[in-house]
Amino acid sequence: MKVLLVHNQYRAGAPSGEDAAVRNEHQMLEKRGVQVFAFNRCNDDIDESSFSAKMTMAANTIWSQRSRSDLRKFLRQVRPDVVHVHNTFAMLSPSVYGACKAQGVPVVQTLHNFRFFCPAAMFLRDGKPCEECVDRTLL
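About the criteria used
- Residues numbered from 1 in each chain as written.
- Predicted model: local features only at pLDDT ≥ 70, side-chain atom pairs only at ≥ 80, totals over all residues.
- Heavy atoms only, no water.
- Helix = DSSP H or I, 4+ residues; strand = E, 2+ residues; numbered from the N terminus.
- Rg over C-alpha atoms; globule rule 2.2 N^0.38 Å.
- Buried < 20%, exposed > 50% of the residue type's maximum accessible area, 1.4 Å probe, protein only.
- Contact = heavy atoms within 4.5 Å.
- Areas by Shrake-Rupley, 256 points an atom, 1.4 Å probe, with all protein chains shown as cover.
- Lys, Arg positive; Asp, Glu negative; His and termini not counted.
- Charge placed at Lys NZ, Arg CZ, Asp CG, Glu CD.
- Salt bridge = Lys/Arg side-chain N within 4 Å of Asp/Glu carboxyl O.
- Core = buried A, V, L, I, M, F, W, Y, C linked by side-chain atoms within 4.5 Å.

### Examining the overall build of the protein
Helix and strand counts for the protein stand at six helices and six strands. When its helices and strands are written in sequence order, the protein yields β-α-β-α-α-α-β-α-β-β-β-α. Whereas a compact globule of 139 residues would reach a radius of gyration of roughly 14 Å, the protein reaches 16 Å, a difference of no more than 12%. Dimensions along the principal axes, computed over C-alpha positions, put the protein at roughly 45 × 35 × 30 Å. Expressed as a percentage of the 139 residues in the protein, the buried residues total 36%. A sequence separation of at least 24 residues applies to 74% of the contacts in the protein between residues at least 6 apart. Carbon and sulfur atoms provide 55% of the accessible area of the protein, an area that totals close to 8600 Å². Between the averaged position of the 18 positive side-chain charges in the protein and that of its 14 negative side-chain charges there is a distance of 7 Å.

Structural data, given as structure tokens:
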């Protein structure tokens, strides 16, 4: 079996629980004889970008054609049985799901936070539970 792990690290210098979960999964699967591949981005790359590139990056958070194209190419090479997506923010974007669909590869998604539904990612506002984004759009 071949598994492709897709993950966008927030910062290399500030490892997160998400990063640890992805590393642990990778090791666990390999120990059990699964072929594991990784498709990663890191938000550190944003720091090295020009101002105009950072503005483009902000739009790419919603849909990154580059990430979609790069992942489609990688999917064609690796031909995984399943893709496990962990985090798409900020450089991968939801475009990775389109790439998987186009290649006919099933996707498993782990939600490590609520960023898909809440910009603050935690359903908290002023230290109290907040679920306004569940029933409304950001606009």
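### Here we look at the pattern of salt bridges
This structure, assessed with the given rule, holds four salt bridges. Between Arg-11 and Asp-44 there is a salt bridge whose closest N-O contact spans 3.5 Å. Of the two residues, Arg-11 sits in the loop between β1 (2-9) and α1 (17-31) while Asp-44 sits in helix α2 (residues 44-47), which places them 33 residues apart along the sequence. Salt bridges linked by common partners bring Arg-41, Arg-66 and Asp-70 together as one network.

### Digging into the nonpolar core
Of all hydrophobic cores here, the largest spans twelve residues; its members are Leu-4, Val-6, Phe-39, Leu-71, Leu-75, Val-83, Val-85, Leu-92, Val-96, Ala-99, Cys-100 and Val-105. Of all the secondary-structure elements, those providing two or more residues to this core are β1, α4 (65-78), β3 (82-87) and α5 (95-103). Examining the composition of this core, we find that three residues originate from one element, α5, more than from any other. Once you skip the residues sitting within four places of it in the chain, Val-85 turns out to touch Val-6, Val-96, Tyr-97, Val-107, Val-108, Gln-109 and Thr-110. With seven residues, the next largest nonpolar core counts Leu-5, Val-22, Val-36 and Val-82 among its residues.

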